[in-house]
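Residue-level listing of the chains:
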Amino acid sequence: MWGGRFAEGPSAVMREINASIPFDKRLWRQDIAGSKAHVAMLGAQGIVSAGDADAIAQGLDRVAADFEAQGVPVDYALEDIHMVTESRLAEKIGPSAGRLHTARSRNDQVATDFRLWVRDALDEADAALGRFQDALIVRAEEHADSVMPGFTHLQSAQPVTLGHHLMAYYEMIGRDRSRLQDARVRLNLCPLGSAALAGTGFPIDREATAAALGFDGPTRNSLDSVSDRDFALDYLAAAAQCSLHLSRLAEEFVIWASQPFGFVKLSDQWSTGSSIMPQKRNPDAAELVRGHAGRILGCLTSLMVTMKGLPLAYSKDMQDDKPPVFEANDLLGLSIAAMTGMVESAEFRTDQMRGLAESGFATATDLADWLVREANVPFREAHHITGRAVARAEADGVRLDQLPLEALRAVDDRIDDRVYDVLSVDASVASRTSFGGTAPSRVREAIEAARSARAEERR
Ligand code: ARG
């Protein structure tokens, strides 16, 4: 298609290194849609005749039907999806196919196709994450009162509820979704009509093609339009951040499913066995979600490094923009689906969680707070007194709420028997009623708000 000035064809390796068709065939739907919008505009503007425009549009539909039925043929000689589509079109309708590329370049074509593809990827990820949030809400509501140890440094810190813990991920995923939605706003301008780099002298109508493809309008600078890929980087950055959140939950599932913790039994559907150790139930899917986050981050890094040194406008390096985006998309889609399935079907061992929450002196802060509130002790001093009470309980091999009153009063005689009201894990979580706190009443409020937000989205 560009051979006019050459006497010899490219070497086999040249063909292979040059070809993007093995991967950019995934853009075929977007390539057809972009070409149809373009040719309709060419016809409307009188740049090609109405007859040719119609023939091309119908031919493109037939090419699309072939791709749908048989897949896109991979032939290095045809380089990329744009050339495959056009050569197929020529087979269908003859030489008038050659008019399609009027006032267009593969540079604005690929920028348009890729934006369309990434836009769908953003929308799909957003929708899948919404479903993941629904799963978190359902399980959080079930466990709004289930006490578990809350950790800092992975040491028992203060009791929290499992519902509160799950809703923490609802919040993270909400921010991930807003990053995707935000990226979509910036992405949604149409580069088509920027041509190779400088625009075109043909009387094209960029508003029309932009509108036909669902964009908010045309991009404003032709050089920028064909040479920037920050829409893809925005997507990858949002995907990487999201995968990092999924990875943290995956890591918690790995820890929680281990025997020393025993907080969760993953369902059979989300566990795998060992070929040698019959007793094993391995959390492979969670481990792979954790692993995939590394690869998705690698995709972001890969495209950033590809782009960092490129002068304006298009350079062929940019053809390498697509594999990392496709890879990240596939890995993220699987990761979201796997975490959703695991959350939906996990069997939480609330007795085990409660037992551990009760055994780790997790209500020590409640004792200190009680001293501040009821005995007007400065917090620093209360902290010290409580430390001595914990040491005593530890020496006696009992929980804080099992220390007899004499033992507590031996530590500090301002303590009286009302203290037992705050030393249980249930009292501890119930008392944390500050906005955003772990009190079941607050967790239920948060769940209610989350449900309304999701219902609002569906309207
Ligand atoms: N396959 C190319 C890509 O993905 C299309 C653009 C080619 N443009 C060019 N001037 N060679 O980037």
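Nothing here was measured: the structure is a model prediction, and the numbers come from that model.

## Observations regarding the overall build of the protein chain
Working step 1: Summing up its helical and strand segments, the protein chain has 19 helices and 4 strands in all.
Working step 2: Taken against the 2.2 N^0.38 rule, which gives 23 Å for 459 residues, the C-alpha radius of gyration of the protein chain at 30 Å runs more than 25% over that of a compact globule.
Working step 3: Considered along the principal axes of its C-alpha atoms, the protein chain spans approximately 100 × 50 × 40 Å.
Working step 4: When the 459 residues of the protein chain are sorted by exposure, 48% land in the buried category.
Working step 5: When the accessible surface of the protein chain is split by element, carbon and sulfur atoms take 52% of a total near 21,500 Å².

## Quick word on the site of the ligand
Working step 1: Around the ligand, the surrounding shell consists of Ser20, Asp24, Asp80, His82, Arg106, Asn107, Val110, Tyr314, Lys316, Gln319 and Lys322.
Working step 2: Within the side chain of Asp80, an N or O atom sits 2.9 Å from a nitrogen atom of the ligand.
Working step 3: The separation between an oxygen atom of the ligand and a polar side-chain atom of Lys322 is 2.7 Å.
Working step 4: Here the ligand has 340 Å² of accessible area as a free molecule, and 86% of this is covered by the chains.
Working step 5: Of the residues forming the shell around the ligand, the biggest block, 3 residues, is contributed by helix H6 (residues 106-142).

## So, the packing of aromatic side chains
Working step 1: The final tally for this structure, using the stated rule, is 9 aromatic pairs.
Working step 2: Ring geometry for Phe114 versus Phe231: centroids 5.7 Å apart, planes at 75°, classification edge-to-face. Separated by 117 residues along the polypeptide, Phe114 in helix H6 and Phe231 in helix H10 (residues 230-257) bring together distant segments of the chain. With respect to class, Phe114 is no different from Phe231; both count as buried.
Working step 3: Taken together, a centroid distance of 5.9 Å and an interplanar angle of 25° make the contact between Phe253 and Trp256 stacked. Taken together, the positions of Phe253 and Trp256, both in helix H10 and 3 residues apart, correspond to about one turn of that helix.
Working step 4: For Phe253, a relative accessible area of 0% puts it in the buried group.
Working step 5: A residue is classified by how much of its surface remains accessible, and Trp256, at 2% relative accessible area, is buried.

## Examining the packing of helix H4 (residues 50-70) against helix H5 (residues 81-93)
Working step 1: Look at H4 against H5: their axes get within 9 Å of each other, and the N-to-C directions meet at 115°. Between H4 and H5, the crossing angle belongs to the class labelled roughly perpendicular. Regarding H4 and H5, the two cross each other, and that crossing is right-handed. Mapping the contact onto sequence places Ala55, Ile56, Gly59, Leu60, Arg62, Val63, Asp66 and Phe67 in H4 and Ile81, Val84, Thr85, Arg88, Leu89, Lys92 and Ile93 in H5.
Working step 2: For the contact of H4 with H5, the per-class residue count stands at 9 nonpolar, 2 polar and 4 charged.

## A word on the pairing of strand E1 (residues 147-152)
A regular strand carries its side chains on alternate faces of the sheet.
Working step 1: Direction of pairing for E1 relative to strand E2 (residues 155-161): antiparallel, over a ladder of 6 bridges. When the bridges of E2 are listed, Met148 appears paired with Val160.
Working step 2: Count of turn residues in the E1/E2 antiparallel hairpin: 2 residues, of which His153 carries a positive phi of about 55°.

## Let's talk about the state of the cysteines
Working step 1: Counted according to the given criterion, the structure contains 0 disulfides.
Working step 2: No disulfide involves Cys242; its sulfur sits 14 Å from that of Cys299, the nearest cysteine.

## Comments concerning H5
Working step 1: With 13 residues, H5 extends 18 Å between its outermost C-alpha atoms, agreeing within 8% with the 18 Å of an ideal straight helix rising 1.5 Å per residue.
Working step 2: Here H5 has its buried residues at Ile81, His82, Met83, Val84, Thr85, Glu86, Ser87 and Leu89.
Working step 3: Looking at the buried positions of H5, the neighbouring elements they touch are helix H2 (21-24), helix H3 (28-44), H4 and H6.
Working step 4: Positive phi shows up at Gly94, right after H5, with a value of about 80°.

## Structural notes on the layout of surface pockets
Working step 1: Within this model, the largest pocket holds a volume of roughly 360 Å³.
Working step 2: In this structure, the largest pocket is lined by 14 residues; those nearest its centre are Phe151, His165, Tyr169, Arg248 and Glu252.
Working step 3: Listed by contribution, the elements that provide at least two residues to the lining of the largest pocket are E1, helix H7 (162-187) and H10.
Working step 4: When residues in the lining of the largest pocket are grouped by element, the largest group, 5 residues, is from H10.
Working step 5: Partitioning the lining of the largest pocket into residue classes produces 9 nonpolar, 2 polar and 3 charged.

## Observations regarding the environment of Ala168
Working step 1: Relative to the elements of secondary structure, Ala168 occurs in helix H7.
Working step 2: Separated by 32 residues in sequence, Ala168 and Leu136 place their C-alpha atoms 9.4 Å apart.

Rules used throughout
Residues numbered from 1 in each chain as written. Predicted model: local features only at pLDDT ≥ 70, side-chain atom pairs only at ≥ 80, totals over all residues. Heavy atoms only, no water. Helix = DSSP H or I, 4+ residues; strand = E, 2+ residues; numbered from the N terminus. Rg over C-alpha atoms; globule rule 2.2 N^0.38 Å. Buried < 20%, exposed > 50% of the residue type's maximum accessible area, 1.4 Å probe, protein only. Areas by Shrake-Rupley, 256 points an atom, 1.4 Å probe, with all protein chains shown as cover. Near = heavy atom within 4 Å. Polar contact = N/O pair within 3.5 Å; in protein donor to acceptor, adjacent residues only side chain to side chain. Phe/Tyr/Trp six-rings, centres within 6.5 Å; stacked < 30°, edge-to-face > 60°. Axes fitted to C-alpha atoms, helices over the stretch in contact; angles between N-to-C directions. Parallel < 35°, antiparallel > 145°, perpendicular 65-115°, else oblique. Left-handed = near helix turned anticlockwise from the far one by under 90°. Contact = heavy atoms within 4.5 Å. Nonpolar A, V, L, I, M, F, W, Y, C, P; charged D, E, K, R; others polar. Pairing = 2+ DSSP bridges. Disulfide = S-S within 2.5 Å. Expected span 1.5 Å × (residues − 1). 1 Å grid on protein atoms, 1.4 Å probe; cavity = no way out; pocket = protein on both sides within 12 Å on 5 of 7 lines; lining within 4 Å. Points joined across faces, edges and corners; volume = space filled by probe spheres on them.

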